[in-house]
Amino acid sequence: MFSRLVKEYADKQGVTEQLKAENALKWIGRMNNIRACVREIVETEVVYC
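Predicted model only: the values in this text are computed from it and were never measured. (Residues numbered from 1 in each chain as written. Predicted model: local features only at pLDDT ≥ 70, side-chain atom pairs only at ≥ 80, totals over all residues. Heavy atoms only, no water.)

(A) Focus on the overall build of the protein. Helices and strands together make up the secondary structure of the protein, namely three helices and zero strands. Summarising its shape, the C-alpha atoms of the protein cover approximately 40 × 15 × 15 Å along the three principal directions. Relative to its full complement of 49 residues, the protein shows a buried share of 20%. Here the analysis covers contacts within the protein between residues at least 6 apart in sequence; of these, 60% occur between residues at least 24 apart. The distance from the centre of the 8 positive side-chain charges to the centre of the 7 negative ones in the protein is 4 Å. (Helix = DSSP H or I, 4+ residues; strand = E, 2+ residues; numbered from the N terminus. Buried < 20%, exposed > 50% of the residue type's maximum accessible area, 1.4 Å probe, protein only. Contact = heavy atoms within 4.5 Å. Lys, Arg positive; Asp, Glu negative; His and termini not counted. Charge placed at Lys NZ, Arg CZ, Asp CG, Glu CD.)

See the structure below:
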């Protein structure tokens, strides 16, 4: 579930391999933000229900 949501969020926000090649720090920042959001969703939906 976590991996699927991370991929979906990255696709929706335009975080691509091209961005990774052009601006690695920007890509890392966006991916970290996406992972944090998804982690919170998964914890809320799976762990606490």
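So that's the structure; there's more coming.
(B) Geometry of a nonpolar patch on the surface. Where nonpolar side chains cluster on the molecular surface, the patch consists of Met-1, Val-46, Val-47 and Tyr-48 and spans about 460 Å² of accessible area. Under the relative-accessibility criterion, Val-47 is labelled exposed at 54%. (Patch = residues over 30% accessible without salt bridge, like charges linked within 9 Å, V, L, I, M, F, W, Y side chains within 5 Å. Areas by Shrake-Rupley, 256 points an atom, 1.4 Å probe, with all protein chains shown as cover. Salt bridge = Lys/Arg side-chain N within 4 Å of Asp/Glu carboxyl O.)

(C) Representation of the nonpolar core within the structure. Membership of the largest hydrophobic core is limited to 10 residues, which are Leu-5, Val-6, Ala-10, Val-15, Leu-19, Trp-27, Met-31, Ile-34, Val-38 and Val-42. Looking at this core, the elements with two or more residues in it are helix H1 (2-13) and helix H3 (24-47). Ranked by residue count, the leading element in this core is H3, at five residues. (Core = buried A, V, L, I, M, F, W, Y, C linked by side-chain atoms within 4.5 Å.)

(D) Quick look at H3. Over its 24 residues, H3 runs 32 Å from end to end, which matches the ideal 34 Å to within 8%, given 1.5 Å per residue. Taken residue by residue, H3 has Trp-27, Met-31, Ile-34, Val-38 and Val-42 as its buried positions. Of the surrounding secondary structure, the elements contacted by the buried residues of H3 are H1 and helix H2 (17-22). (Expected span 1.5 Å × (residues − 1).)

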